[in-house]
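The lines below spell out each chain.
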Amino acid sequence: QRGDARRASLGKILPLLEMRLFYRKETDGGGSTSKARKVVPMYYTGADALFAITEGNPRWFKALFTPLLEKYDSREGIIRRESQVREIVKLAQRYQALLRTRVVNTEGNTYSGVGVYGLVKMIAEYIFKKNVTGSFQLDPPTYIKIKAEPESNLRKLLIESINIGALVYMPDDNSNTELILSQLKDKKFRVAYTLAPIMKIPIRIIKHVYLHEILHENAKVKRRRTLFESKEKSAGAGQGKIKFPDR
């Protein structure tokens, strides 16, 4: 039993370590920072990952596997991982481009200009931070849960994200689960795995984080950024024009 528990723990930890090691680098000061890498780790290759990335969508499945089958090496009986990486990135970028076009009409300035892609990117960046750049956690969050029914503008964004497949509903494993959503309260969602290779999120279900926590942290970052920018402007103001001496 102890051996089984150890194997289960290793099975959970190793994929997380693989991602962290790939995306991080040690700094001279003893801390760590995220690597500005555009390459994709082999973590996203292999049959299980490829099937997850297509999300069961026949069009995505065809778009991914048609070029991959053309690269099948009959002598070795494999499709090289480098080829898999190239094709999953192409698929992810196509989906990313589609999401960028989905703008939701909202009232007021709270979510003005955010759009489906902006919301999903915000969630993915938080998950990446908790899984990769932050302190190591054995059970980091990999999906979201909505604690209370969202206000109308956020609800519009979430509904559009769900309808286009950018957020995937995760029903509970019981017979009373809603398959057609009448409300969002207490519901769980994850970012579509199709986006995982370019948004750098794990293809794993571990633990949820409440959406309002992500929104709250994002708002704090924006306030700090705005404060910094306003200080820069005020520092530059009042200095006047540079006067050149007369010749």
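Keep in mind that this is a model prediction, so the values were computed, not measured.

1. Quick notes on helix H2 (residues 47-54)
Point 1. Along H2, the residues classified as buried are Ala-49, Leu-50, Ala-52, Ile-53 and Thr-54.
Point 2. At the exit of H2 stands Glu-55, carrying a positive phi of roughly 55°.

2. Brief notes about the packing of aromatic side chains
Point 1. This structure, assessed with the given rule, holds eight aromatic pairs.
Point 2. An angle of 0° between the planes, with centres 6.2 Å apart, marks the rings of Phe-51 and Phe-61 as stacked. With Phe-51 in helix H2 and Phe-61 in helix H3 (residues 58-70), the pair connects residues that are ten residues apart, well separated along the chain.
Point 3. Judged by relative accessible area, Phe-51 falls into the partly exposed class, the value being 45%.
Point 4. Residues Phe-51 and Phe-65 carry aromatic rings whose centres are separated by 5.6 Å and whose planes lie at 25° to one another, so their mutual orientation is stacked. Of this pair, Phe-51 sits in helix H2 while Phe-65 sits in helix H3, placing them 14 residues apart in sequence.
Point 5. Feature note: the residues Phe-22, Tyr-23 and Phe-128 constitute an aromatic cluster, connected by ring pairs.
Point 6. A cation sits over an aromatic face here: Lys-147 above Tyr-210, 5.3 Å from the ring centre.

3. Topic: the nonpolar core
Point 1. Grouped together as the largest cluster of nonpolar side chains are 58 residues, with contacts concentrated most on Tyr-44, Ile-123 and Ile-203.
Point 2. In terms of residue count, the dominant contributor to this core is helix H5 (residues 115-133) (eleven residues).
Point 3. Look past the residues within four positions of Ile-203 in its chain and what remains in contact with it is Tyr-43, Tyr-44, Ala-49, Ala-52, Ile-53, Tyr-193 and Ala-196.

4. Observations concerning the confidence of the model for the protein
Point 1. Put simply, the protein has an average pLDDT of 83, and 75% of its residues get 70 or more.
Point 2. Low pLDDT, under 50, characterises residues 26-30; the predicted model gives this stretch four contacts beyond four residues in sequence or across chains.
Point 3. Within the model, the stretch residues 238-247 combines pLDDT values under 50 with zero contacts to residues more than four positions away or in other chains.

5. Comments concerning the environment of Phe-65
Point 1. Taking the relative accessible area as the measure of exposure, Phe-65 reaches 14% and is therefore buried.
Point 2. Placed 23 residues apart in sequence, Phe-65 and Ile-88 show a C-alpha to C-alpha distance of 9.5 Å.
Point 3. Residues contacting Phe-65, with those up to four places away along its chain left out, are Leu-50, Phe-51 and Thr-54.

6. Quick look at the pattern of salt bridges
Point 1. Counted under the stated rule, the structure contains ten salt bridges.
Point 2. Between Arg-102 and Glu-160 there is a salt bridge, with the nearest N and O atoms lying 2.6 Å from each other. A residue pair is termed long-range when its members are at least 10 positions apart, and Arg-102 in the loop between helix H4 (81-100) and H5 and Glu-160 in helix H6 (residues 152-163) qualify at 58 residues.
Point 3. Assessed through its relative accessible area of 31%, Arg-102 is described here as partly exposed.
Point 4. We note a salt bridge from Glu-217 to Lys-129, for which the minimum N-O separation is 2.8 Å. Residue Glu-217 is found in helix H8 (residues 211-236), and its partner Lys-129 is found in helix H5; the two are separated by 88 residues along the sequence.
Point 5. Using a relative accessible area of 37% as the deciding quantity, one classes Lys-129 as partly exposed.
Point 6. If you follow the salt bridges from partner to partner, you end up with Lys-71, Glu-87 and Lys-90 in one network.

What counts and what doesn't
- Residues numbered from 1 in each chain as written.
- Predicted model: local features only at pLDDT ≥ 70, side-chain atom pairs only at ≥ 80, totals over all residues.
- Heavy atoms only, no water.
- Buried < 20%, exposed > 50% of the residue type's maximum accessible area, 1.4 Å probe, protein only.
- Helix = DSSP H or I, 4+ residues; strand = E, 2+ residues; numbered from the N terminus.
- Phe/Tyr/Trp six-rings, centres within 6.5 Å; stacked < 30°, edge-to-face > 60°.
- Lys NZ or Arg CZ within 6 Å of the ring centre and 35° of its normal.
- Core = buried A, V, L, I, M, F, W, Y, C linked by side-chain atoms within 4.5 Å.
- Contact = heavy atoms within 4.5 Å.
- pLDDT = per-residue confidence, 0-100.
- Salt bridge = Lys/Arg side-chain N within 4 Å of Asp/Glu carboxyl O.

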